[in-house]
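Descriptive structure summary
Residue-level listing of the chains:
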Amino acid sequence: MTSPSFLYASARTAFGRFGGALAGVRPDDLAATALSGLVSRAPTLDPARIDDVVWGCANQAGEDNRNVGRMAVLLAGLPTSVPATTINRLCGSSLDAAIQASRAIEVGDADVVVAGGVESMTRAPWVLPKPSRAFPAGNVTAVSTTLGWRLVNERMPAEWTVSLGECNEQLADRFSISRLRQDEFAARSHRLAAQAWADGFYDDLVVPVGDADLARDESIRDGSTPEKLAGLTPSFREAGTITAGNASPLNDGAAAVLLGSEAAAERIGSDPLARIAGRGTHALDPREFGFAPVEAAERALARAGIGWGEVAAVELNEAFAVQSLACVDAWKIDPEIVNVKGGAIALGHPLGASGARILGTLAARLRESGDRWGVAAICIGVGQALAVVLENVG
């Protein structure tokens, strides 16, 4: 018999732009910052009583190598007795971390688990494959590990390994989603993100990063409008619809959530905010990854025993405006309940951190509004998606 798992607290860094304010900060230090900030939100928690740390990271080719979750534990000054693991489901890594942590709690393997994730897309290195023979005389090419496919297996069908942008141009074609709709969605993301910061919504969710001069998420463009975005050049097709303005940027940052059993409230020193009510995973053709959250969310809702009519808040990671619109259209929900505090187009999308970011934001939204049910969902490159349903208990 299982017992429920709950979300008690969340913390994240502000998200920096590629080459921006966090460019000088190692990813393991970013992870340690989010982890320390989270633990500080648990008034009576003895860090030695943390049963596990489950950490997400997508690239893991540089300073985030060799189990960055464990490195974060050590750098944050937690007791060496606190274990940690690092998992990789690309963009969904930290939401997967929360899912795995909640399962451990529900089956009784743990009472208190930290889940989170990190990415420094700025500091992701170039890599060189080892040569097939000694002392090669020719040139070799360094491959960027910042985003997307690299060192592709020649047996992989070429249509599956097109760029993430081209995949979403195909999605725009499939669902006839115009450039104007995408630009309007992107401008809304910036407007709502700027307003949420101005209103103080993120003040209690975001922790400072050392000496970095970063007071809020760095990619937010105040005053962004569809008219301004319309002037940008398409990024993936000459006559395409996707631009740098209606897709998420490259970012650096970390995010974490504190999960526990109902009995853990006394150990943590606060009441839980939300119950993990349902989880969903889905996969499809790699080219259609942006549409995968549709079924992942449906599965999570079914496991929670509710329908869309009961959902008051949705946090959908905005990898691209077009895939976000395709998902919202397919769910047939009110777009005004989606990402009302801004989304990844404005806030940023440091791959391994985004899942924990949307989950923490969702819990805070439900607490602010008093609504009962919310959904967090994220698309994942190579044709996957994850979703979690939260029930407000705060």
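Note: the structure precedes this text.
Before going into details, it helps to say that this report is about the structure given with it. These numbers were taken from a predicted model, which means no experiment stands behind them.

1. As for the packing of helix 4 (residues 164-175) against helix 9 (residues 321-331)
Between helix 4 and helix 9, the shortest axis-to-axis distance is 9 Å and the interhelical angle comes to 40°. One way to sum up the angle between helix 4 and helix 9 is to call them oblique. Along this stretch, helix 4 crosses helix 9, giving a crossing that reads as left-handed. Counted together, N168, L171, A172 and F175 of helix 4 and V322, Q323 and A326 of helix 9 form the full contact between these two elements. Partitioning the contact of helix 4 with helix 9 into residue classes produces five nonpolar, two polar and no charged.

2. Focus on the nonpolar core
When a protein is soluble and globular, its nonpolar side chains tend to lie buried together. Counting 51 residues, the largest nonpolar core has I50, W55, V114 and L258 as the members making the most contacts within it. A total of seven residues in this core trace back to one element, the largest contributor, which is helix 1 (residues 27-39).

3. Quick word on the packing of aromatic side chains
Enumeration over the complete set of coordinates arrives at four aromatic pairs. Consider the rings of W197 and Y202, whose centres lie 5.3 Å apart with planes at 35°: the pair is tilted. Each member of the pair, W197 as well as Y202, is classed as buried. With a centroid separation of 5.0 Å and 85° between ring planes, the pair formed by F201 and Y202 is classed as edge-to-face. Neither residue differs from the other here; F201 and Y202 are each classed as buried. Cluster of aromatic residues (ring-pair linked, three or more members): W197, F201 and Y202. One Lys or Arg, R12, reaches over the ring of F15 and ends 4.7 Å from the middle of that ring.

Analysis parameters
Residues numbered from 1 in each chain as written. Predicted model: local features only at pLDDT ≥ 70, side-chain atom pairs only at ≥ 80, totals over all residues. Heavy atoms only, no water. Axes fitted to C-alpha atoms, helices over the stretch in contact; angles between N-to-C directions. Helix = DSSP H or I, 4+ residues; strand = E, 2+ residues; numbered from the N terminus. Parallel < 35°, antiparallel > 145°, perpendicular 65-115°, else oblique. Left-handed = near helix turned anticlockwise from the far one by under 90°. Contact = heavy atoms within 4.5 Å. Nonpolar A, V, L, I, M, F, W, Y, C, P; charged D, E, K, R; others polar. Core = buried A, V, L, I, M, F, W, Y, C linked by side-chain atoms within 4.5 Å. Buried < 20%, exposed > 50% of the residue type's maximum accessible area, 1.4 Å probe, protein only. Phe/Tyr/Trp six-rings, centres within 6.5 Å; stacked < 30°, edge-to-face > 60°. Lys NZ or Arg CZ within 6 Å of the ring centre and 35° of its normal.

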